[in-house]
Amino acid sequence: MLCQNPRFALYLDQRRRLRHGLALADLPDGTHSEQDAIDFIRESCCVASRAEIDHYATASVMLERIITDYQRWERQQRVAR
């Protein structure tokens, strides 16, 4: 469900801009798709499919970290408004 969330895609846009020193014009909001989010989760968790996450402790820990970072970003967005 996380990968289907358009707000998560915005988080990935902002995260990539920050990591790579890109401007909004270089990587506009709305750049990341659902498939990009799926790929991000798979790569970050070092799995070939999301179903594998439940079977590997390190993948589960990484997914929890991603969710925690995303939730922190969401809270910061609300405060910034």
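Novice: Quick question: what am I supposed to make of the layout of surface pockets here?
Specialist: Space left empty within the atom packing is revealed by a probe, the size of a water molecule, rolled over the atoms. The calculated volume of the largest pocket comes to roughly 320 Å³. Secondary-structure elements contributing two or more residues to the lining of the largest pocket are helix 1 (6-20), helix 2 (34-45) and helix 3 (57-80). Taken together, the residues that form the lining of the largest pocket break down as six nonpolar, two polar and four charged. Its boundaries defined by the atoms lining it, the second largest pocket holds a volume of some 220 Å³. Lining the second largest pocket are L12, R15, R16, R19, H20, H32, D36, D39, F40, E43 and S44. For the lining of the second largest pocket, the elements supplying multiple residues, two or more each, are helix 1 and helix 2. Here the lining of the second largest pocket is composed, by residue class, of two nonpolar, three polar and six charged.

Novice: What should I look at first to understand the pattern of salt bridges in this one?
Specialist: For side chains of opposite charge, pairing can occur when their charged atoms come near one another. For the coordinates displayed, the defined rule picks out four salt bridges. Two residues, R65 and D69, come together in a salt bridge whose shortest N-O distance is 3.9 Å. Remark: D69 and R65 occur in helix 3; sequence separation between them is four residues, near one turn of the helix. Taking the relative accessible area as the measure of exposure, D69 reaches 23% and is therefore partly exposed. As a salt-bridge pair, D69 and R72 come within 3.0 Å of each other at their nearest N and O atoms.

Novice: Help me understand unusual backbone geometry in this model?
Specialist: Among all residues save glycine, negative phi is the norm, and among peptide bonds the norm is trans. Although it is not a glycine, C46 adopts a positive phi angle of roughly 55°. Mapped onto the secondary structure, C46 falls in the loop between helix 2 and helix 3. For C46, a relative accessible area of 69% gives the class exposed.

Novice: Whenever I open this one, the packing of helix 1 against helix 2 confuses me. Can you help?
Specialist: If you want to describe how two helices pack, look at the angle between their axes and the distance between the axes. Two elements in contact, helix 1 and helix 2, have axes separated by 10 Å at closest approach and are oriented at 65°. With respect to helix 2, the element helix 1 is oriented roughly perpendicular. Helix-helix and strand crossings are classified by hand; for helix 1 and helix 2 the assignment is left-handed. Side by side, helix 1 and helix 2 meet where F8, L12 and R15 of the first sit next to A37, F40 and I41 of the second. Of the residues contributing to the contact of helix 1 with helix 2, the split by class is five nonpolar, no polar and one charged.

Cut-offs and rules
- Along each chain, the written sequence defines residue order, and numbers are assigned to residues from 1.
- Since the coordinates come from a predicted model, pLDDT governs what is reported: local features require at least 70, and pairs of side-chain atoms require 80 or more to be given and counted, while whole-chain, interface and lining totals use all residues.
- Each side-chain value is derived from all of the structure's non-hydrogen atoms; neither hydrogens nor water enter the calculation.
- Using a grid of 1 Å spacing that covers the protein atoms alone, one calls a set of points a cavity when a 1.4 Å probe fits there but cannot get out, and a pocket when the set is open and has protein on both sides within 12 Å along at least five of seven lines; lining residues are those with an atom within 4 Å of a point.
- Grid points are joined across faces, edges and corners, and a volume is the space filled by probe spheres set on the points.
- Strands here mean DSSP runs of E at least two residues long; helices mean DSSP runs of H or I at least four residues long; both are numbered from the N terminus.
- Amino acids are sorted into nonpolar (Ala, Val, Leu, Ile, Met, Phe, Trp, Tyr, Cys and Pro), charged (Asp, Glu, Lys and Arg) and polar (every other residue, Gly among them).
- Each reported salt bridge corresponds to a side-chain nitrogen of Lys or Arg within 4 Å of a carboxyl oxygen of Asp or Glu.
- Whether a residue is buried, partly exposed or exposed follows from its accessible area with a 1.4 Å probe, protein chains only, as a fraction of its type maximum: under 20%, in between, or over 50%, in that order.
- Think of each axis as a best-fit line through the C-alpha atoms, taken over the contacting stretch in the case of a helix, with angles from 0 to 180 degrees between the N-to-C directions.
- With respect to orientation, any angle under 35 degrees is reported as roughly parallel, any angle over 145 as roughly antiparallel, any angle of 65 to 115 as roughly perpendicular, and every other angle as oblique.
- Less than a right angle of anticlockwise turn of the near helix away from the far helix marks a crossing as left-handed, whereas a clockwise turn marks it as right-handed.
- When checking whether two residues touch, look at their non-hydrogen atoms; a contact exists if any pair is within 4.5 Å.

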